Amino acid sequence: MQVALMVPCYIDMFYPHVGIATLELLEKLGVDVVYPKDQTCCGQPMANSGCYEEALATEEHCARVFASFDCVVTPSGSCTHHIRNKFNAGADSPEKQNLVRNTYDLVEFLHDVLKIREFPWATFDHKVALHTSCSAIRGLNMASMSERVHDAVFSKPKALLSGVPGIEFAEFERVDECCGFGGTFAVTEEAVSAKMGYDKLAFMQKASPDCIVSSDMSCLMHLQGCARRQKQDIPFYHLAEVLNGVSPWVGQSAVGQSAVGQSGVGQS
Amino acid sequence: MSRPVDQAKNAETFLADTVHEQRLDTLLWAARMRRAAARQVPEWEELRTLASEIKEHTLSNLSDYMIQFEARATANGVIVHWARDAHEHNQIAYDILAEQEINLLIKSKSMLTEECELRPFLERRGIRVTETDLGERIQQLDNQPPAHITGPAIHKTNQDVAVLFSQKYGSDPNNEDTAYLAGVMRENTRPDILNARAGMTGANFVVAETGAMVVATNEGNADLSANTPQLHICSVGIEKIIPTTESLAVFIRLLARSATGDAITQYTSMFRGPRKGASMHVILVDNGRSARLGMKRFWHSLKCIRCAACMNTCPVYRRSGGLSYGSTYMGPIGIIMMPTFEIRKYSELPFASTLNDSCTNVCPVKIDIHEQIYGWREVMEENDQIQVVKKEAMRVADKVLSHPALYQIATTTLSTALEVLPHFAIYNRLNAWGKHRDVPEAGAETFHAWYRTHRPKTNEEVRRG
Amino acid sequence: MNSTQALSRNTILDSVRANQPAAQPMPTIPHFHTNHFQTNQPADLVAAFSESIARMAGVVVTEDVPDLDSFLRARFPDAKVICSAIPEYAGTIKPANLNHWSEASTIDVCVVRSPMGVAETGSVLLSDTELQVNTIAFLAHDLVVLLDPKQIVPNVHDAYEHPHFKLRSYSVLMTGPSGSGDIGAIVVHPAQGVKSLTVLLKPPPNVGKRTG
């Protein structure tokens, strides 16, 4: 099976190491991965703003780029949720249907398709505050939600991360409350967005984690921005990096360290 | 034509008041967690499905049920009135009161009467109105609309209320004890309850089969308002109709647990007809509801039973405060209902959401709130309610993002990339991202570029393929 | 109906007819008995009822109260006006003695019998039949409700089968004393209604012999 790797636009630009970690992880697992070079974006930022007319060309381009693949994996819950559940800026097409059917978030792919639970090449002797995005929880059913009190409690990201030796999870309050990113909400309702981010960080910090991990870089981008503004040094990792076993310092400090290949926490 | 409500700006103002914001957020999160009372009910999810189906059945057969209700209520001795809009509702209410020369009206909480702005209408015509619900009374005395649909004054601290009561009632401004304040309210409202010759209530449910109005309160103030005087007016939106007493049980089991976590409210009352010598009127109000029934994407919002669970769970509501919406109904249900009243005035409300979907999952009648929020955003685009500058920025983004060569050129430098990516769209508030957050820094190279150098073979293969 | 009203009525009905979506079916409503009170024994129902009403600050008296008057005098020593709506006890006044329904505010303690309790919620049913003057259960300071423990039904679905809901002009499921959480979400008692609600589990007098 050949897998096409979809790297969201903001990861391409700001967090390429997350794309690299995802690629390396899949290669370690023996997956035949290719990266269609003409990919750009799934159109979510425009579509979520209501500007679906302005998402049309991007959406169609995305569908075309991945048309020949029957398995597309992306390290982004929000992009997967958008493609699977909201990919309708324009008319339907066989390419679109193909993409809708065959796109997986990385966690889904590892947990449900490859059914991997162990990552023996990795260690992570740290206490992790695990953040799971609203897209992942409520859009993709990747973890249970506290609104539904009768559902069994489960978390696919946590199940995967538990397979990394040494890892410990911090228990914090309001674990499934939204972090406040919300796409363009982050700028249109900046004050509320930031407050939600500050609150999320405060609840996490009460549990004294060593770092914050998520399978959604968009949430982390926002939380990291909030943390740095508050002069909090806590590192942020994408789940792919932890599972891949290479943990460069992600912290985009004011000094502007390059993220790739930096020695940091967790390297043995 | 009204200018759009700037909910974001109002929220920012609310957030600056850290005392009130923190209190609201803490109180309502606690309310949200009390919803775990749903654990008492193993069939909770089945009840939600039933409630949703009962409402959808009723709304899709509404004309028949309205006629059935009218016939039963009339046979019970109730006088049924029909109001096409808010003004007609207010006029009917006034006419009923004026005919009896009523100059004091006591009433229990009714969001519909807020929607119709009944109080100022009556007060301008010489009828004094006393709200008997504690939260509504606080807001009435403070000249503010309700900030939440079940706890109208939930955003106020005890100190706020103590100061307010001392100004209006002469009570002790330094006594912030909740029981003391509730006692002050009781003492000052009781004379009006005893002397009023007319009382008004709303209704949570209207039972077509028996012609009955059902009202749920914690205080019993609807019972007092309806039973003490000899004239009872009950105002209700047409969407509140349910078919049978049997179906009522489903909703009663869901309502209080969703609102406060209690199994039931202290008073779940049913008014079927006037007592001997007294009169009971029901005003059925449309005010845009029948039109909303025809909106394919949005008519499900008519299922709402006004429990406020969506508000309690909404992280945006808890940080913004109910008054920030500038509307009768607020929070998630508000932002999907209000555009049906005035599309321009409320054109920004559907954007007061992170699309986290929590609301949909707590709604006892399974309204697809988050999907309607998304749908309204698209409607705003179709109706040219989206700011020109924002639309233009999105257009540029679409052009660049649909052309790989343009995209790759744009992303080679941080500054050009920032112009492209709508996340950092500079259309609305300049450098808004950076107001409270650090801006992410671009990697040394994009993933695209890295892949080209580190995986040249596969890159080549894909290009050929 | 005057002509304006006729016009309004027709306008609304026409608009509803034109807009209502395609008819969807009415679901069947189960009564969910299997999940609750497996044995359905009266003792279990009493226990569940007591627990439910206690959560809402209601009080249950399970022990035998042979003399209602002494019980009330002991429990409410300052009470001067005791309004009894039950035939077997005189109190100091009867609902019929009230000239106006607002006069119920002079009542210190109101005594009434409820025909049904609900275990799921701790509610007691009252209607204009039991109350005669509806305001006695709201304007009085304290409320005492007599309830035959055998008349406790398991859940709200059962409760709404009671004929009162189809026949009475006023009926109420009452659960604990009047309360409000409108200030700071702290529930305080009383709000506008009664300060306390006490349920006496006591069958009515002269209950006929039961068979089976």
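Residues numbered from 1 in each chain as written. Chains lettered and ligands numbered in written order. Predicted model: local features only at pLDDT ≥ 70, side-chain atom pairs only at ≥ 80, totals over all residues. Heavy atoms only, no water.

**Section: the side chain of Asn158 of chain B**
Now for step 1: Looking at where Asn158 of chain B falls in the secondary structure, it is placed in helix H9 (residues 158–169).
Now for step 2: Once residues lying within four places of it in the same chain are set aside, the contact partners of Asn158 of chain B are Arg23, Glu176, Asp177, Thr178 and Leu181 of chain B together with Ile183 of chain C. (Helix = DSSP H or I, 4+ residues; strand = E, 2+ residues; numbered from the N terminus. Contact = heavy atoms within 4.5 Å.)

**Re the interface of chain B and chain A**
Now for step 1: Taken together, the contact pairs 86 residues of chain B with 83 residues of chain A.
Now for step 2: Both sides of the chain B and chain A interface together cover about 7,500 Å² of buried area, and 60% of this is carbon and sulfur.
Now for step 3: For Arg32 of chain B, the salt bridge goes to Glu147 of chain A, with nearest N and O atoms at 3.1 Å.
Now for step 4: Where chain B packs against chain A, one counts 36 residue pairs in polar contact (both at pLDDT 80 or more).
Now for step 5: Its residues placed into classes, the side of chain B that touches chain A shows 38 nonpolar, 21 polar and 27 charged. (Buried area = accessible area lost by both parts, 1.4 Å probe. Salt bridge = Lys/Arg side-chain N within 4 Å of Asp/Glu carboxyl O. Polar contact = N/O pair within 3.5 Å; in protein donor to acceptor, adjacent residues only side chain to side chain. Nonpolar A, V, L, I, M, F, W, Y, C, P; charged D, E, K, R; others polar.)

**Brief notes about helix H12 (residues 217–229) of chain A**
Residue and element names in this part refer to chain A.
Now for step 1: Taking 1.5 Å of rise per residue, 13 residues should cover 18 Å, and H12 covers 18 Å from first to last C-alpha, within 8% of that figure.
Now for step 2: Burial analysis of H12 places 12 of its 13 residues in the buried class, the great majority of the element.
Now for step 3: Inspection of H12 places Met217, Ser218, Cys219, Leu220, Met221, His222, Leu223, Gln224, Gly225, Cys226, Ala227 and Arg228 among the buried residues, and these make up the whole buried set.
Now for step 4: Just beyond H12, the residue with positive phi is Lys231, at close to 60°. (Expected span 1.5 Å × (residues − 1). Buried < 20%, exposed > 50% of the residue type's maximum accessible area, 1.4 Å probe, protein only.)

**Some details on the sheet that holds strand S4 (residues 103–105) of chain A**
Residue and element names in this part refer to chain A.
Now for step 1: The four strands are arranged S2-S1-S3-S4 in an open sheet whose pairing can be described as parallel. Each edge of the sheet is formed by a strand with only one pairing partner; in this case those strands are strand S2 (32–34) and S4. Strand-to-strand, the axes of this sheet are offset by a mean angle of 35°, without reference to chain direction.
Now for step 2: Bridge count for strand S1 (residues 2–5) against strand S3 (residues 72–74) is two bridges, and the pairing is parallel. Note on S3: the bridge partner recorded for Leu5 is Val73. (Pairing = 2+ DSSP bridges. Axes fitted to C-alpha atoms, helices over the stretch in contact; angles between N-to-C directions.)

**Quick look at the packing of helix H11 (residues 190–205) of chain A against helix H1 (residues 7–16) of chain B**
The packing of two helices is summarised by the inter-axis angle and the distance between the axes.
Now for step 1: Contact geometry for H11 of chain A and H1 of chain B: axes closest at 8 Å, N-to-C directions at 45°. It follows from the interaxial angle that H11 of chain A and H1 of chain B lie oblique. Two secondary-structure elements touch here, H11 of chain A through Ala191, Val192 and Lys195 of chain A and H1 of chain B through Ala11, Glu12 and Leu15 of chain B.
Now for step 2: Here the residues of the contact of H11 of chain A with H1 of chain B sort into four nonpolar, no polar and two charged. (Parallel < 35°, antiparallel > 145°, perpendicular 65-115°, else oblique.)

**Focus: unusual backbone geometry**
Now for step 1: Omega for the peptide link from His189 of chain C to Pro190 of chain C comes to -10°, which places this bond in the cis form.
Now for step 2: Structurally, Pro190 of chain C can be placed in the loop between strand S8 (170–174) and strand S9 (196–201).
Now for step 3: One non-glycine residue with positive phi stands out, namely Glu117 of chain B, at about 55°.
Now for step 4: Assignment of secondary structure puts Glu117 of chain B in the loop between helix H6 (111–115) and helix H7 (118–124).

**Things to note about the pattern of salt bridges**
Now for step 1: Scanning the entire structure with this criterion turns up 47 salt bridges over all chains.
Now for step 2: Among the ionic pairs, Glu108 of chain A bridges to Arg84 of chain A, the shortest N-O distance being 2.8 Å. Here Glu108 of chain A is found in helix H7 (residues 106–113), whereas its partner Arg84 of chain A is found in helix H5 (residues 77–86), with 24 residues between them in sequence.
Now for step 3: Asp14 of chain C is the partner of Arg17 of chain C in a salt bridge, and the nearest nitrogen-oxygen pair spans 3.3 Å. Of this pair, Arg17 of chain C and Asp14 of chain C are both found in helix H1 (residues 3–19), three residues apart, which corresponds to roughly one turn of the helix.

**What to know about the packing of aromatic side chains**
Now for step 1: Counting across every chain of the model gives 16 aromatic pairs over all chains.
Now for step 2: When the ring of Phe124 of chain A is compared with that of Tyr237 of chain A, the centres are 5.5 Å apart and the planes differ by 90°; the resulting orientation is edge-to-face. Of this pair, Phe124 of chain A sits in the loop between H7 and strand S5 (127–131) while Tyr237 of chain A sits in strand S8 (residues 236–238), placing them 113 residues apart in sequence.
Now for step 3: When its relative accessible area of 1% is taken as the criterion, Tyr237 of chain A is described as buried.
Now for step 4: Measuring from ring centre to ring centre gives 4.1 Å for Phe298 of chain B and Trp376 of chain B, while their planes differ by 15°; the resulting arrangement is stacked. Placement of the pair is Phe298 of chain B in the loop between helix H13 (289–293) and helix H14 (309–313) and Trp376 of chain B in helix H18 (residues 369–382), with a sequence separation of 78 residues.
Now for step 5: In this structure Trp376 of chain B comes out as buried when scored by relative accessible area, which is 3%.
Now for step 6: Feature note: the residues Tyr35 of chain A together with Phe447, Trp450 and Tyr451 of chain B constitute an aromatic cluster, connected by ring pairs. (Phe/Tyr/Trp six-rings, centres within 6.5 Å; stacked < 30°, edge-to-face > 60°.)

**Brief notes about the side chain of Asn204 of chain B**
Residues and elements named next belong to chain B.
Now for step 1: Note on placement: Asn204 falls in the loop between strand S4 (198–201) and strand S5 (205–207).
Now for step 2: The exposure class of Asn204 is buried, given its relative accessible area of 14%.
Now for step 3: For Asn204, the side chain forms a polar contact with the main-chain nitrogen of Ala216, separated by 2.9 Å.
Now for step 4: Not counting residues within four places of it along the chain, the set of residues in contact with Asn204 comprises Val214, Val215, Ala216, Lys240, Leu255 and Ile305.

**A closer look at the interface of chain C and chain B**
How large an interface is tends to be reported as the accessible area lost when its parts come together.
Now for step 1: Taken together, the contacts link 75 residues of chain C with 92 residues of chain B.
Now for step 2: When chain C packs against chain B, the two sides together hide about 6,900 Å² of surface, and 60% of this comes from carbon and sulfur.
Now for step 3: One can count three salt bridges joining chain C with chain B.
Now for step 4: The tally of links from chain C across to chain B stands at 35 residue pairs in polar contact (both at pLDDT 80 or more).
Now for step 5: By residue number, the principal contributor to the side of chain C that touches chain B is H1 of chain C, which donates 12 residues.
Now for step 6: Residues belonging to the side of chain C that touches chain B are distributed by class as follows: 35 nonpolar, 33 polar and seven charged.
Now for step 7: Bridging between strand S9 (residues 267–271) of chain B and S8 of chain C involves five bridges; their strand directions are antiparallel.

**Examining the sheet that holds strand S6 (residues 168–169) of chain A**
All names here are of chain A.
Now for step 1: Read across the sheet, four strands follow the order S6-S5-S7-S8 without closing on themselves; strand pairing throughout is parallel. Pairing within the sheet leaves two strands with one partner each, and these edge strands are S6 and S8.
Now for step 2: Sheet topology places S5 next to S6; two bridges connect them, and they run parallel. Its bridge partner lying in S6, Val128 is registered against Phe169.
Now for step 3: Against the sheet, H12 contacts S5, strand S7 (211–214) and S8, and its axis sits at roughly 175° relative to S8.

**Some points on the state of the cysteines**
Residues and elements named next belong to chain B.
Now for step 1: If you walk through the whole model with that rule in mind, you get zero disulfides over all chains.
Now for step 2: Here Cys234 is not disulfide-linked; the sulfur of Cys116 is the nearest cysteine sulfur, at 13 Å.
Now for step 3: A relative accessible area of 0% means that Cys234 is categorised as buried.
Now for step 4: With no disulfide of its own, Cys314 lies closest to Cys359 among cysteine sulfurs, the gap being 6.7 Å.
Now for step 5: When its relative accessible area of 10% is taken as the criterion, Cys314 is described as buried. (Disulfide = S-S within 2.5 Å.)

**A word on the confidence of the model for chain B**
Regions with low pLDDT should not have their predicted coordinates read in detail.
Now for step 1: Per-residue confidence for chain B averages 92 on the pLDDT scale, and 93% of its residues sit at or above 70.
Now for step 2: Note that residues 423–430 of chain B has pLDDT below 50 and, in this model, 21 contacts with residues that lie over four places away or in other chains. (pLDDT = per-residue confidence, 0-100.)

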